[in-house]
Amino acid sequence: MASGESVEREDRPGGGRYVIRSGGALSELTFQDHGTRRIADHTFVPPAMRGGGVAARLVEALVADARLGGVRIVPQCSYVATAFRRHPEWQDLLATPD
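Heads up: these notes are all about the structure in this document. (Residues numbered from 1 in each chain as written. Predicted model: local features only at pLDDT ≥ 70, side-chain atom pairs only at ≥ 80, totals over all residues. Heavy atoms only, no water.)

**With respect to the packing of aromatic side chains**
Going through the model one piece at a time under the given rule, you end up with 2 aromatic pairs. Residues Tyr 18 and Phe 31 carry aromatic rings whose centres are separated by 5.4 Å and whose planes lie at 40 degrees to one another, so their mutual orientation is tilted. A residue pair is termed long-range when its members are at least 10 positions apart, and Tyr 18 in strand E2 (residues 15-22) and Phe 31 in strand E3 (residues 25-34) qualify at 13 residues. Here the two residues Tyr 18 and Phe 31 agree in accessibility, since each one is buried. When the centroid spacing of 5.4 Å and the interplanar angle of 65 degrees are considered together, the rings of Phe 84 and Trp 90 count as edge-to-face. (Phe/Tyr/Trp six-rings, centres within 6.5 Å; stacked < 30°, edge-to-face > 60°. Helix = DSSP H or I, 4+ residues; strand = E, 2+ residues; numbered from the N terminus. Buried < 20%, exposed > 50% of the residue type's maximum accessible area, 1.4 Å probe, protein only.)

**Remarks on the side chain of Thr 43**
In this structure, Thr 43 sits in strand E4 (residues 37-44). When sequence neighbours within four positions are dropped, the list of residues in contact with Thr 43 reads Glu 28, Leu 29, Ala 55, Cys 77, Tyr 79 and Val 80. (Contact = heavy atoms within 4.5 Å.)

**Considering the environment of Arg 38**
Mapped onto the elements, Arg 38 comes out in strand E4. In this structure Arg 38 comes out as buried when scored by relative accessible area, which is 5%. Each C-alpha atom of the pair Arg 38 and Ile 20 lies 20 Å from the other, and the pair is 18 residues apart in sequence. Beyond its immediate stretch of four places on either side in the chain, Arg 38 contacts Arg 9, Tyr 18, Phe 31, Gln 32, Asp 33, Leu 62, Asp 65, Val 71, Arg 72, Ile 73 and Val 74.

What follows is the structure, encoded as structure tokens:
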């Protein structure tokens, strides 16, 4: 993946996704918004793009937006849950599911 490819946030009613496009391929992290909680429910990176930190960049964008927007994250997706365990500095953003 080229360094110039950025993470984009696409909003829709009730949620959205973070995406990175590279060479016709799409990586994404989808989320649902519930009040002040953002439920990260799915992360996908195509096989050809795996191992290059793409998924980590998607989660970092999610975390940065949560800090700016005053929301907390429910890591329903296993990748996001693992990222939260690896980053204790994010624990203040962790929300529990209902």
